[in-house]
Amino acid sequence: MLPFFEHVVKWRDEFTGKTGVRLEPYPLLVASLALLFVSYVFMPNIVALAFSIALFVAPVWLPFLLVGGAFSLWIVLRRSEFIAGQKYILLEIKP
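Rules of the game
Residues numbered from 1 in each chain as written. Predicted model: local features only at pLDDT ≥ 70, side-chain atom pairs only at ≥ 80, totals over all residues. Heavy atoms only, no water. Helix = DSSP H or I, 4+ residues; strand = E, 2+ residues; numbered from the N terminus. Rg over C-alpha atoms; globule rule 2.2 N^0.38 Å. Buried < 20%, exposed > 50% of the residue type's maximum accessible area, 1.4 Å probe, protein only. Areas by Shrake-Rupley, 256 points an atom, 1.4 Å probe, with all protein chains shown as cover. Lys, Arg positive; Asp, Glu negative; His and termini not counted. Charge placed at Lys NZ, Arg CZ, Asp CG, Glu CD. Contact = heavy atoms within 4.5 Å. Salt bridge = Lys/Arg side-chain N within 4 Å of Asp/Glu carboxyl O.

**Q** Would you mind going over the overall build of the protein chain with me for this structure?
**A** A tally of regular secondary structure across the protein chain gives four helices and zero strands. Taken from the N to the C terminus, the helices and strands of the protein chain come in the order α-α-α-α. Here the C-alpha atoms of the protein chain give a radius of gyration of 21 Å, more than 25% beyond the 12 Å that 2.2 N^0.38 yields for 95 residues. For the protein chain, the C-alpha atoms occupy an extent of roughly 70 × 35 × 25 Å along the three principal directions. Burial status across the protein chain gives 3% buried among its 95 residues. Counting every atom, the protein chain has about 9400 Å² of accessible surface; 75% of that belongs to carbon and sulfur. Charge centroids of the protein chain, computed over 8 positive and 6 negative side chains, lie 5 Å from each other.

What follows is the structure, given as structure tokens:
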């Protein structure tokens with residue numbers, strides 16, 4: 001993982017615990033895409049070089065990304081199959 005990722009997760013959990021607001025990943029995605037666009041406007045050669053290097057080493061990192069995503073989806077599938085296979089029980093509580 002990223003070296004600072006634990007700190008980000010810890011900060012997010014503390015923020016959620018204090019405020020009750022869950023942060024979604026989509027604003028971070030939009031902000032990073034905006035930063036990428038701005039950096040491409042001001043430094044197109046460097047961004048093009050970074051993309052070419054990332055595509056050149058894609059056979060190294062892409063299988064890990066695909067296997068990790070497939071494993072996560074498989075776990076979700078197995079859990080949903082287990083939950084769907086459970087019997088329903090009505091619990092009546094009389095005060």
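Further notes follow.
**Q** Would you mind going over the environment of Val21 with me for this structure?
**A** When you line up the elements, Val21 lands in the loop between helix 1 (5–19) and helix 2 (26–42). Those residues in contact with Val21 that sit more than four places away from it in its chain are Phe15 and Thr16.

**Q** Which parts of the structure should I look at to understand the pattern of salt bridges?
**A** Two side chains bearing opposite charge may form a pair once their charged atoms approach each other closely. One pass over the structure, following the stated rule, counts two salt bridges. Between Arg12 and Asp13 there is a salt bridge, with its nearest N and O atoms 3.6 Å apart. By relative accessible area, which is 43% here, Asp13 ends up partly exposed. As a salt-bridge pair, Arg78 and Glu81 come within 3.1 Å of each other at their nearest N and O atoms. Note that Arg78 and Glu81 are positioned in helix 4 (residues 58–84) at a spacing of three residues, about one turn of the helix. Look at Glu81 and you get partly exposed, because its relative accessible area is 42%.

By themselves, these figures tell us nothing about what the structure is for.
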